[in-house]
Amino acid sequence: MEPVVNSQNLHHAFGKGSLSKPVLLDINLAIYPGEIVILTGPSGSGKTTLLSLMGGLRSVQQGSLKILGQELLGASKKQLVELRSQIGYIFQAHNLLDCLTAQENVRMALRLQKSLSYDDRTAQATAMLEAVGLGHRVNYRPDNLSGGQKQRVAIARALVTQPQLILADEPTAALDSQSGREVVELMQRLARDRGCTILLVTHDNRILDIAHRIIHMEDGRLMRTENPAVAVI
Amino acid sequence: MVFGKSPLTRLSRIEKPLAWSQLSHQRVRLLVALSGISFANILIFMQLGFRAAMFSGTTNVPASLDGDVFLVNEKSQFLGNETFDKPQLYRAAAVPGVATARPFYYNTASWVNPDNRKTTNVTVIAMNPAQPVMSIPAINTQLAQVEQTDRMLFDTKSLPSLGAIATEFAAGQDLPIEVQGRKMRVNGTYALGSNIFKRGHVVISDVNYLRLFGAAQATQLHAGVLKLDPGADAQAVIAELERTLPETITALSHDELIALEESYWAKEPAGIIFDFGTIMGFVVGVVIVYQVLYSDVNDHLSEYATLKAIGYSDGQLLLVVFQEAAILAVLGFMPGLLSALGLYSLLSNLTGVAVLMRLGVGLQVFSMTLVMGVLSAAIAVRKLRSADPADVF
């Protein structure tokens, strides 16, 4: 089976010349379809940098990184934009547009798909909001939603295009434990139903159990892989 | 299918532009932006209005000349500036295609206001009464009145500083007025209109002109007014005139004559001041729209970065900002136009000079407003280019 994420000898550094500071060192990682992988480790260990490389948000400097079959080393700007539209992103901050309702925010992701009719977009956005339990909040603006509800709208926005890969950066950081739990369980269920792959960066020990694999990072290196049963103890 | 659906339903099935959602969400900011743009529009409109009020009269005389081709001294920058020898007019009359060639004098004479005995000056239009050169019926029907010695027609729209001549004439008073040292009397009135550079015009005969300015001056024409044979090609006749006449004389079409006058007065300091005021209004508009767009982009930077992260290209996001600019320009122009219309009529009432909203000026200000918006957006989006989605994580 072809991995969804495949990195080989991936190196990355910030700064130039003598000020160059390596943040990722020799990352070798393969994630297969349907897997839920949690990336954890102290801050500054390079988790977010790795995630943003995978999302096509930074240019790959050295080594190979293939996402959904697309080699990102030397990829053009257009190829990166194209790749981003095939990946679902969930951010630590929900980053919803205040001026749009929940449904309109979800639609923003669908607007890029020119083949969909207006009615199809409405139907898909509404169905997705129902799937995250916000069927009754479709026409609410972010100002009138709770933190957990906003994050669920953001999840709906990330999932509505049916991406094969979801990248989430601390999606529960701004939520209380119960909302956080609900959000990750929702992600887990949707991933299972749709067969998509999730890579989740988190500090949050309470949600480690949803993963098939937990990867620890330290000082820009992948340290060890555990299975959640060990981690919970 | 679309059958049975009202146009309104179909319209609502188009995605609402994000630009409009952003703008309408923050009503106070929208209101501030629109008032700012209206304010800039009013500034621009007022400058153009003042300018029009000041310069509208400058082309009255050249525009009222009744001819197809005009001969003027090649050095002449405006009507009455330079003269040429009268015999050249007779040579012009012999050019094929020229039907008539008539003399036109346009000079300045001293004028003593009969009401307060103060000396000022008046502009004198002189012609042969048998050869009318103006297309103002009130002048042409009264030309017999100016054939008598020291008689003149007076412009009722002259500035009051010449004296209450028109009212006195209407009341039947026949006061002598000292013009260029001679006692002259008003024998009729007509309406032409003055401007800031000309207090008023009197129409006299060529013979009286000779009496006022002397025989030497009477052989010097300020313009030759030519009419062409029906069907004659004006450009061909102009070319032939240029060939026949000395190089010091140039032949102009009516439009060229008016354009010459306009371009001369536009270079007056007052014209430049109003141009400057117009540019200031434009700059104020750019600053206001830029402020609004910049703070809008800045406030939504993380949202825009998110949109970039979910697959929106730079171009699509730049388009949103430019759309916002265009919406602001169109919406801000309307109250600006309405206020300017009100202020124009106020200005007309205060000065007695007709300040009209011309379609050309309206379109000019509207396109300036659009350029204003686009320019501001172009400056504001430099911020958006820096919206690095990698920094959102």
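Everything discussed here concerns the structure shown above.
Residues numbered from 1 in each chain as written. Chains lettered and ligands numbered in written order. Predicted model: local features only at pLDDT ≥ 70, side-chain atom pairs only at ≥ 80, totals over all residues. Heavy atoms only, no water.

Bringing the overall build of chain B into the picture now. Along chain B, the regular secondary structure elements total 15 helices and 11 strands. Along the first, second and third principal axes, the C-alpha atoms of chain B reach 95 × 50 × 50 Å. For chain B, the residues scored as buried account for 49% of the 393 residues in total. Taken as a whole, chain B presents about 18,000 Å² of accessible surface, with 60% of it coming from carbon and sulfur. (Helix = DSSP H or I, 4+ residues; strand = E, 2+ residues; numbered from the N terminus. Buried < 20%, exposed > 50% of the residue type's maximum accessible area, 1.4 Å probe, protein only. Areas by Shrake-Rupley, 256 points an atom, 1.4 Å probe, with all protein chains shown as cover.)

On to the sheet that holds strand E8 (residues 197–201) of chain A. Residue and element names in this part refer to chain A. Here we have six strands laid out as an open sheet, ordered E6-E7-E8-E3-E9-E10, and mixed in their pairing. Across the chains shown, the open sheet's two edge strands, defined by having one partner strand only, are strand E6 (87–90) and strand E10 (221–226). Between one strand and the next, the sheet's axes are offset by a mean angle of 20°, whatever the strand orientation. Where strand E3 (residues 36–40) meets E8, four bridges bridge the pair, whose relative direction is parallel. If you follow Leu-39 over to E8, its bridge partner there is Val-201. Relative to the sheet, helix H5 (residues 147–159) contacts E6 and strand E7 (165–169), its axis offset from that of E6 by approximately 170°. (Pairing = 2+ DSSP bridges. Axes fitted to C-alpha atoms, helices over the stretch in contact; angles between N-to-C directions. Contact = heavy atoms within 4.5 Å.)

Moving on to a nonpolar patch on the surface. Residues and elements named next belong to chain B. On the surface, Ile-279, Val-283 and Val-287 cluster together to form a nonpolar patch covering roughly 250 Å² of accessible area. With respect to the element layout, Val-287 can be found in helix H12 (residues 269–299). Its relative accessible area of 44% is what places Val-287 among the partly exposed residues. (Patch = residues over 30% accessible without salt bridge, like charges linked within 9 Å, V, L, I, M, F, W, Y side chains within 5 Å. Salt bridge = Lys/Arg side-chain N within 4 Å of Asp/Glu carboxyl O.)

Below, the discussion takes up the nonpolar core. In terms of nonpolar packing, the biggest core is built from 87 residues, with Leu-129, Val-132 and Ile-155 of chain A together with Leu-307 and Leu-328 of chain B touching the most fellow members. Among residues more than four places away in sequence, those in contact with Leu-129 of chain A are Ala-102, Gln-103, Val-106, Leu-134, Gly-135, Val-138, Val-153 and Ala-156 of chain A. Judged by nonpolar contacts, the second largest core, of 36 residues, contains Ile-204, Leu-221, Ile-238 and Ala-251 of chain B. (Core = buried A, V, L, I, M, F, W, Y, C linked by side-chain atoms within 4.5 Å.)

A few words on the interface of chain B and chain A. Residue-level contacts link 26 residues of chain B with 30 residues of chain A. In total, chain B and chain A occlude about 2,700 Å² of area from one another, counting both sides; carbon and sulfur atoms represent 61% of this. Across the contact surface, chain B and chain A share two salt bridges. Lys-16 of chain B is the salt-bridge partner of Glu-104 of chain A, the closest N and O atoms lying 3.4 Å from each other. At the boundary of chain B with chain A, the tally comes to seven residue pairs in polar contact (both at pLDDT 80 or more). For the side of chain B that touches chain A, the elements supplying multiple residues, two or more each, are helix H2 (18–25), helix H13 (301–309) and helix H14 (314–351) of chain B. (Buried area = accessible area lost by both parts, 1.4 Å probe. Polar contact = N/O pair within 3.5 Å; in protein donor to acceptor, adjacent residues only side chain to side chain.)

Residue and element names in this part refer to chain A. The strand order across the open sheet formed by four strands is E2-E1-E4-E5, and the pairing between neighbours is antiparallel. Whereas interior strands pair on both sides, the edge strands pair on one side only; in this sheet they are strand E2 (21–31) and strand E5 (70–71). Taken together, the seven bridges between strand E1 (residues 5–14) and E2 define a ladder with antiparallel strand orientation. Paired with Val-5 across the two strands is Ile-31, which belongs to E2.

Residues and elements named next belong to chain B. Burial analysis of strand E8 (residues 201–205) places five of its five residues in the buried class, which makes it a mostly covered element. What you see with E8 is no split at all: His-201, Val-203 and Ser-205 on one side and Val-202 and Ile-204 on the other are buried throughout. Bridge analysis of strand E5 (residues 151–155) against E8 gives two bridges, and the strand direction is antiparallel. Bridged to Leu-153 within E8 is Val-203.

To continue, consider the environment of Ser-339 of chain B. Residues and elements named next belong to chain B. As for its placement among the helices and strands, Ser-339 is situated in helix H14. A relative accessible area of 31% places Ser-339 in the partly exposed class. As for Ser-339 and Phe-197, which are separated by 142 residues in sequence, their C-alpha atoms are 29 Å apart.

Time to look at the packing of aromatic side chains. All names here are of chain B. Under the definition given, this model contains 12 aromatic pairs over all chains. Summarising the aromatic geometry, the rings of Phe-45 and Tyr-344 are spaced 6.5 Å apart at their centres and angled 90° between planes, so their arrangement reads as edge-to-face. Placement of the pair is Phe-45 in helix H3 (residues 27–55) and Tyr-344 in helix H14, with a sequence separation of 299 residues. An identical accessibility class is assigned to Phe-45 and Tyr-344; each is buried. Aromatic pair Phe-333 and Phe-366: ring centres 4.9 Å apart, planes at 65°, arrangement edge-to-face. Taken together, the residues Phe-333 in helix H14 and Phe-366 in helix H15 (residues 359–385) connect sequence positions 33 residues apart. Accessibility expressed as a relative area gives 9% for Phe-333, which makes it buried. What makes Phe-366 partly exposed here is its relative accessible area of 26%. Connected via pairs of aromatic rings, a cluster forms that spans Phe-45, Phe-333, Tyr-344 and Phe-366. (Phe/Tyr/Trp six-rings, centres within 6.5 Å; stacked < 30°, edge-to-face > 60°.)

For the rest of this paragraph, the subject is unusual backbone geometry. The phi angle at Asp-219 of chain A is positive, at roughly 45°, despite the residue not being glycine. Position of Asp-219 of chain A relative to the elements: it lies in the loop between strand E9 (213–218) and E10. Located in the positive-phi region is Asp-150 of chain B, a residue other than glycine, with phi close to 55°. Structurally, Asp-150 of chain B can be placed in the loop between helix H6 (137–140) and E5.

This part is about the pairing of strand E4 (residues 62–67) of chain A. Residue and element names in this part refer to chain A. Here E1 pairs with E4 via five bridges, running antiparallel. Bridge pairing links Asn-6 to Lys-66 in E4. Taking the residues between adjacent antiparallel strands as the criterion, E4 and E5 are bridged by two residues, where Leu-68 takes a positive phi near 50°.

Residue and element names in this part refer to chain A. You can see Pro-142 is positioned in the loop between helix H4 (118–131) and H5. The buried category is assigned to Pro-142, whose relative accessible area is 2%. Taking the C-alpha atoms as reference points, Pro-142 and Val-153, 11 residues apart in sequence, are found 8.8 Å from one another.

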